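Listed below, chain by chain, are the residues.
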Amino acid sequence: MNTFWRTFKVAAWLGWEMDSNWTEPWLFIVYSVVKPVAGAFILVLMYTVFALIGNRADPAAFSYMYVGNSFFIFVGSVLFGTFQVIQSDREWYQTIRYVYMAPISYYVYIVGRAASKVVVAAFAVLITLVFGIIFLDVQIHMALADVPLFLVSTALGLAVRLASGIFLGGGSFLTAKHTHGLAEGIPGLFYVFCGVLFPLSVLPVWGQAIGQAIPLTYWFDITRRLLAPTIGVDSTLVGYDNLAILLLLLVSSIAFFGLSLLIFKAGEYFARKAGKIDMTTSY
Amino acid sequence: MKPATVRRTDLRYRIGLNLRAVVGRSYPRIVGANREPSWIFFEALLPLLGIAAYVFIYQAFGTRAIAAILGSSSTAPWGMCGQIPCTDAAQQAAYLAMAKANTNALIASVVLGGTMVAFWLNVLWSMASQLYWEKEIGNLQLYMMAPMNRMALLGGMAVGGMVMTSMRAVSTLIAGIFVFGVLFQVADPLLLLAVFFAALVALYGLGMMFASLYLLWGREAWNLSALMEEPIFFSSGFYFPVGGLFRVPGWGPIVAIVGSFVPATFGLDALRQLTLSTTAFGGKLWIFDVKTELYILVFMAVLFLILARYSLAYLETLAKREGKLTSRHQ
């Protein structure tokens with residue numbers, strides 16, 4: 001256990017240095033904020049244009065979308081923060097062979113490397129939400145009594161995301177330099193099917209079924225219920241109460257952890273067998 | 001003069017050498033990449049999901065708008081036409097048709113934006129960052145020793161990148177038409193092709209210019225590329241008509257003008273006018289007419305290629321003088 005903790009600590013420190021020491025702290029803060037805020041502004045303008053040409057404002061739909069998008073920052077960062085570790089160490093820094101040979105758990109090392117991205121993402125989510133409340137009139141009214149529930153659901157959601165990231169990392173042992181395709185595509189999967197920006201009812205029936213099978217759908221829903229209970233857009237998950245969703249998140253985080261271990265080990269095994277652990281893609 | 005020197009200064013030989021360099025550098029992107037077919041799934045098909053999300057947003061807005069128009073209540077028996085009740089069935093029908101047309105036009109805007117996103121990301125990650133990447137993996141010194149013009153090397157990267165990215169761009173268009181049912185009305189295909197290729201040359205010219213600047217910026221380059229994703233998607237109107245920014249009072253026009261330095265802004269605006277008709281969105285959300293935008297794109301293409309030539313020469317000299325051309329991780 002001591003080795004795991006030490007690996008996590010050192011990997012988290014390394015991740016933080018790699019993420020932030022390329023520039024001055026103030027520029028790093030600006031950089032960390034500009035990207036997610038610009039992402040939110042794409043949605044703001046999409047809504048503005050629709051409202052402008054249709055002469056119809058829809059603040060409830062806007063708040064639904066804005067809150068979902070703010071918390072989606074976590075998904076993109078945590079997923080990218082985990083699976084890119086293998087590809088960046090392998091292709092960019094070409095240090096994977098040394099880290100991999102070290103007497104540490106490579107799984108824990110990846111989780112540690114992702115930790116700095118989780119912290120930065122939390123900061124970006126906070127900034128995006130505060131910006132929305134102050135300047136865009138986003139409807140957020142969280143009751144004090146709901147704070148513990150919110151914290152528990154956030155922790156469980158984080159566990160699911162980390163496990164999903166490692167799951168992908170296991171796959172990326174075997175693929176070429178596809179970091180960008182994965183970084184764009186996998187969060188895209190959650191963006192479409194998890195009711196992040198629009199209710200699941202907009203999707204075709206098969207799409208709704210996929211969405212309901214992904215635990216993050218429930219995480220987004222409970223987060224929105226707790227933070228913005230007054231927006232009144234039917235998320236199509238009204239049949240589930242908060243405790244049922246928490247239980248579901250708990251079970252799925254355990255299941256995803258087991259699955260991520262399995263896929264990670266399988267990816268590792270096949271990569272070693274094919275001699276791909278330290279391959280580079282040069283095109 | 002030695003025979004080798006005479007040969008090197010011969011124009012035909014130099015053109016042939018540089019053309020071979022273009023083919024040689026584009027080869028690994030076009031042919032080599034296909035030896036790893038997984039890229040088609042990861043780089044061309046998977047990113048379609050992100051585009052789909054933006055399409056569904058407009059569909060969700062459209063569905064709610066249509067429900068409001070069709071909804072009947074005691075105060076609004078003919079539904080809502082905007083923020084006020086419709087006066088009669090004719091007004092309700094007109095609003096309904098407008099809502100459907102606007103939703104289709106906005107989804108089409110997203111599909112075209114998604115096509116351009118593919119090229120912009122390729123410019124950022126496979127053009128602008130490429131020389132820095134080559135330095136990191138040790139190829140740059142080989143390129144610098146080779147006798148061809150460095151612009152031929154960048155040209156080869158651009159040609160290879162365009163061909164490789166076309167797969168994703170075409171997938172996005174096909175998905176837009178067949179999966180999301182987008183209707184395009186192309187009135188002038190020749191002008192459409194001219195705008196598209198002018199925008200591509202200008203974009204890749206910008207990428208070639210960035211490639212040498214990134215060598216100067218070193219490790220910041222990676223983060224700079226990451227920073228030029230969402231903010232550029234926003235300021236250049238990849239997912240909405242950029243004219244919408246001009247309608248936002250205060251900061252909107254400033255952001256739009258800054259975004260206009262990226263050729264994709266005018267490229268997309270012109271492509272949308274040519275495929276959705278200039279009357280889409282009530283004709284209120286376009287920047288200039290198509291021909292003006294084409295001239296601007298041609299000007300940008302020439303300007304960026306010239307700047308790329310000079311910045312490459314400058315950076316090469318600077319890097320050689322400081323002896324940092326091949327030092328990694330700086």
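Residues numbered from 1 in each chain as written. Chains lettered and ligands numbered in written order. Predicted model: local features only at pLDDT ≥ 70, side-chain atom pairs only at ≥ 80, totals over all residues.

Draft legend 1. Broad picture of the overall build of chain B. Broken down by element type, chain B carries 15 helices and two strands. A burial count over chain B gives 47% of its 330 residues as buried. (Helix = DSSP H or I, 4+ residues; strand = E, 2+ residues; numbered from the N terminus. Buried ≥ 20, exposed ≤ 12 C-beta atoms within 10 Å, placed from the backbone.)

Draft legend 2. View of the overall build of chain A. For chain A, the helix and strand inventory stands at ten helices and zero strands. Ordered by position from N to C terminus, the α and β elements of chain A give α-α-α-α-α-α-α-α-α-α. Residue burial in chain A is summarised as follows: out of 283 residues, 49% are buried. Long-range contacts, defined as pairs at least 24 residues apart, comprise 85% of the intrachain contacts of chain A with a sequence gap of at least 6. (Contact = placed C-beta atoms within 7 Å.)

Draft legend 3. Representation of the interface of chain A and chain B in the model. Taken residue by residue, the interface counts 43 residues in chain A and 52 residues in chain B. Of all the secondary-structure elements, those providing two or more residues to the side of chain A that touches chain B are α2 (25–54), α3 (59–92) and α7 (179–193) of chain A. At 15 residues, α2 of chain A tops the list of elements feeding residues into the side of chain A that touches chain B. Residue composition of the side of chain A that touches chain B, by class: 26 nonpolar, 13 polar and four charged. (Nonpolar A, V, L, I, M, F, W, Y, C, P; charged D, E, K, R; others polar.)

Draft legend 4. Highlighting helix α10 (residues 242–274) of chain A. Residue and element names in this part refer to chain A. Compared with the 48 Å implied by 1.5 Å per residue over 33 residues, the 46 Å span of α10 between its first and last C-alpha is a close match. Inspection of α10 places Ile245, Leu249, Ser252, Ser253, Ser260, Phe264, Gly267 and Ala271 among the buried residues, and these make up the whole buried set. Residues of α10 that are buried make contact with α5 (106–135), α6 (147–172) and α9 (215–227). Once α10 finishes, Gly275 follows within two positions and takes phi at roughly 70 degrees, a positive value. (Expected span 1.5 Å × (residues − 1).)

Draft legend 5. Structural context of the nonpolar core. Ranked by internal contacts, the top residues of the largest apolar core, which has 181 residues, are Met46 of chain A together with Phe56, Ile57, Trp120, Ala202, Leu203 and Leu297 of chain B. Sort the elements by how many residues they give to this core and helix α5 (residues 89–128) of chain B lands first, with 19 residues. Ile57 of chain B has contacts with Met46, Met65, Leu197 and Phe198 of chain A, leaving out every residue within four places of it along the chain. (Core = buried A, V, L, I, M, F, W, Y, C linked by C-beta atoms within 7 Å.)

Draft legend 6. Local environment of the confidence of the model for chain B. A residue-level look at chain B finds 97% of positions with pLDDT of 70 or above and a mean pLDDT of 87. Both confidence scores are given for the complex: pTM 0.85, ipTM 0.86. (pLDDT = per-residue confidence, 0-100.)

Draft legend 7. Geometry of the environment of Asn122 of chain B. Residues and elements named next belong to chain B. Inspection of the secondary structure assignment puts Asn122 in helix α5. Asn122 gets classed as buried once you count the C-beta atoms within 10 Å, which come to 27. Residues Asn122 and Met164, spaced 42 residues apart in sequence, show a C-alpha to C-alpha distance of 9.0 Å. Setting aside residues up to four positions removed in sequence, Asn122 forms contacts with Met127, Gly161 and Thr165.

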